[in-house]
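Listed below are the residues making up each chain.
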Amino acid sequence: MAVVISARPLWLKTVRVASAPSYGARMRLCVRHGLLGEIALTMDVMERSILGWDIMKQMARVLRLDSPFQVVLYADSSSVIQSPLRAVQLDTDANEATLCYIVQSLQVPSAQQYQDLMTAIYHKDVMDLSYLLGKGLGLTGVTTEGGHTSTLVASAILRDHSTDPYAYQPTAGHCFPRHGASLTYLLLQAQADPNTLPPKTQPTTMLELAVELGSSQLVQILLEAGASVMPVKGALPPLFLAVLHRHRTNVQLLLDAQADPWQEIAIASVLCHSLQWHGHAARKEVFNAVQAAAAQSAEDTVIDMLQQFSNATEVVRRDQSSLARVKPTALTERATTIMKQTVWKYQHIIEKQSRQTNFTTFRWRRILEGLYLPVRIRNELQSPPELNREETFLHQVD
């Protein structure tokens, strides 16, 4: 039995260039199996063109496939494969049109395909990336012949966030899903694990990277794909980072994903300087996001968001003893001083820096050390200069 749906809701998630209005009745689009002839999907479209990606997403849901890239579309009258990000031009003289599809199995990228994916990411070529993934590449594995999956995802996050222009811009003939984060989005749609960890002693999670960059679009995409809000051992909780940066949208996204604002972390993990500045005893000090937010200025704080979240969950926590909040440890004088210094630096110095991320800071050096990046992308992140004690305060703050 065919599934009947409307295509319009999916268009809200893509960047589409406005075209001339289409008048008249809706067009009925049928998608049938190219070999068996069975109609799997019927769509009512409002215009005479629709993105191949919109159809692939709907087909993946109907057929319960792992990835939209398993769906191969082509015109009923030819064997030309439809590009995912190009508009399917429908016959304007008919009220019904037909597309054919076949399903392909996902395959692990070869060494050459991995390098081609990396090249497309490096050049911010969304069209080429979708073409390569459209061959049925699946990124479920941690490693491939060409390299580590985390390298692809981390590189895509960094390139999506960079100010470099994309190789192609949306036009009337094609558009990009989640424009501004399309590279990352497409990799996740190809089953890349948002929780993939680089092969490092102290790895940086993909969500930690996105939060540190301050991109709510990347954070939302990772969370939708199932990114965990729980940090790996020794890493900072994403919510804590968002609180320090006072990124209200990211704070709300993480709270909605059930991130715990009371989770205690080691102060040493957030220091903008090495432990030598504060003494190695600081390694034992802990605090949480609520305490950090409470130390922010009244004019620029996210403490109100954390309080609202705590109030909303208090009843649930009382009813479920396993979720009962542990009373936070009182801060020592040393911990209070370090926390206030850290909050002050984020609030008064970071906001004065340019929008271009400064990858030379002490904090960013630690983040990049936890990523497994290719040489050509790592080289674009400026090597940190030699820092002296007098300059450290200004230069090592991220």
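Residues numbered from 1 in each chain as written. Predicted model: local features only at pLDDT ≥ 70, side-chain atom pairs only at ≥ 80, totals over all residues. Heavy atoms only, no water.

### Brief notes about the overall build of the chain
For clarity, the threshold we go by: Secondary structure elements follow DSSP: runs of H or I of four or more residues count as helices, runs of E of two or more count as strands, with numbering from the N terminus. Throughout, a contact is declared for two residues whenever any of their heavy atoms are within 4.5 Å. In short, Shrake-Rupley with a 1.4 Å probe defines the accessible areas, and a residue's cover is counted only from the protein chains shown.
Along the backbone of the chain there are 16 helices and nine strands. Taking all contacts inside the chain whose residues are at least 6 apart in sequence as the whole, residues at least 24 apart take part in 75%. Accessible area of the chain: about 19,300 Å², with a carbon and sulfur share of 50%.

### Some points on a nonpolar patch on the surface
Just so we agree on the cut-off: A patch consists of residues whose relative accessible area exceeds 30% and which take part in no salt bridge; residues with like charges are grouped when within 9 Å of each other, and nonpolar side chains (Val, Leu, Ile, Met, Phe, Trp, Tyr) when within 5 Å. The term salt bridge refers to a pairing of a side-chain nitrogen on Lys or Arg with a carboxyl oxygen on Asp or Glu at a separation within 4 Å.
Side chains of L35, L36 and I102 sit close together on the surface and give an oily, nonpolar patch of about 330 Å² of accessible area. As for its position among the elements, L35 is in the loop between β2 (27-33) and β3 (39-45).

### Points about helix α9 (residues 238-245)
Put simply, the test is: The rule is simple: take the accessible area with a 1.4 Å probe, protein chains only, and divide by the maximum for that residue type; under 20% is buried, over 50% is exposed, in between is partly exposed.
Taken across its eight residues, α9 has eight buried, putting it largely inside the fold. Just past α9, the residue R246 takes up positive phi, approximately 60°.

### What about the pattern of salt bridges?
Counted under the stated rule, the structure contains seven salt bridges. Its salt-bridge partner being D76, residue R32 comes within 2.5 Å of it at the nearest N-O pair. With R32 in strand β2 and D76 in the loop between β5 (71-75) and β6 (87-89), this pair connects stretches of sequence that are 44 residues apart. Each member of the salt-bridge network shares a partner with another, and the members are R159, D164 and E380.

### Overview of the pairing of strand β7 (residues 96-103)
The condition is simple: Strands qualify as paired when DSSP identifies two bridges or more between them.
Here β2 pairs with β7 via six bridges, running parallel. What sits directly across from L29, in β7, is A97.

### Here we look at unusual backbone geometry
Unusually for a residue other than glycine, R64 sits at a positive phi of about 60°. Relative accessible area serves as the criterion here: at 76%, R64 is assigned to the exposed category. Residues other than glycine seldom take positive phi values, yet R178 does so here, at roughly 55°. By relative accessible area, which is 15% here, R178 ends up buried.

### A look at the packing of aromatic side chains
Our working rule: A pair of aromatic rings is counted whenever rings of Phe, Tyr or Trp (Trp by its six-membered ring) have centres within 6.5 Å, and the orientation is called stacked for planes under 30 degrees apart, edge-to-face for over 60 and tilted otherwise. Whether a charge lies above a ring is judged from NZ of Lys or CZ of Arg, which has to be within 6 Å of the ring centre and within 35 degrees of the ring normal.
Tallied over the full model, the rule gives three aromatic pairs. Relative to F287, the ring of F240 lies with its centre 5.1 Å away and its plane at 70°, an arrangement referred to as edge-to-face. Of the two residues, F240 sits in helix α9 while F287 sits in strand β9 (residues 286-287), which places them 47 residues apart along the sequence. For the pair shown, F240 and F287 are each scored as buried. Among the aromatic residues, those joined into a cluster by ring pairs are W53, F69 and Y185. Sitting over the ring of Y166, K124 keeps its end group 4.1 Å from the ring centre.

### Some remarks on the pairing of β3
Consecutive side chains of a regular strand alternate in pointing toward one face of the sheet and then the other. Most of β3 is tucked away, with six of its seven residues classed as buried. Counted along the chain from β2 to the antiparallel partner β3, the turn is five residues long, and its residue G37 has a positive phi close to 80°.

### Quick word on the packing of helix α3 (residues 111-122) against helix α5 (residues 149-161)
Rule in force here: Note on geometry: axes are lines fitted to C-alpha atoms, helical ones only across the stretch in contact, with angles between N-to-C directions running from 0 to 180 degrees. What sets the label is the angle itself: under 35 degrees gives roughly parallel, over 145 gives roughly antiparallel, 65 to 115 gives roughly perpendicular, and the rest give oblique. Two helices that cross are described as forming a left-handed crossing if the nearer one is turned anticlockwise from the farther one by less than a right angle, and a right-handed crossing if clockwise. Three residue categories are used. Nonpolar comprises Ala, Val, Leu, Ile, Met, Phe, Trp, Tyr, Cys and Pro, charged comprises Asp, Glu, Lys and Arg, and polar comprises the others, including Gly.
Contact geometry of α3 with α5 gives a least axis separation of 9 Å together with a crossing angle of 15°. With respect to each other, α3 and α5 are oriented roughly parallel. Here the hand of the crossing between α3 and α5 comes out left-handed. Between α3, through Y114, L117, M118, I121 and Y122, and α5, the contact on the second element is made entirely by T151, L152, S155, A156 and R159. Here the contact of α3 with α5 is composed, by residue class, of seven nonpolar, two polar and one charged.

### A word on the nonpolar core
For soluble globular proteins, nonpolar side chains are generally found buried alongside one another. Applicable threshold: For the purposes of this section, nonpolar cores are sets of buried Ala, Val, Leu, Ile, Met, Phe, Trp, Tyr and Cys residues that join through side-chain atoms within 4.5 Å.
Counting 101 residues, the largest nonpolar core has I55 and L133 as the members making the most contacts within it. Apart from residues lying up to four places away in sequence, I55 is in contact with L29, V31, M43, I50, L73, V88 and L99.

### A short note on the confidence of the model for the chain
Fine structural detail should not be taken from predicted coordinates in areas where pLDDT scores are low. The test is simple: pLDDT expresses how confident the predictor is about each individual residue, on a scale running from 0 to 100.
Overall, the predicted model of the chain reaches an average pLDDT of 80, with 77% of residues at or above 70. Predicted confidence for residues 384-398 stays below pLDDT 50, and this span has 39 contacts to residues more than four positions away or in other chains.

### A look at helix α7 (residues 206-213)
For α7, the buried fraction is high: eight of the eight residues fall into the buried class. Along α7, the residues that are buried comprise M206, L207, E208, L209, A210, V211, E212 and L213. In the stretch just after α7, G214 is the one whose phi turns positive, near 80°.

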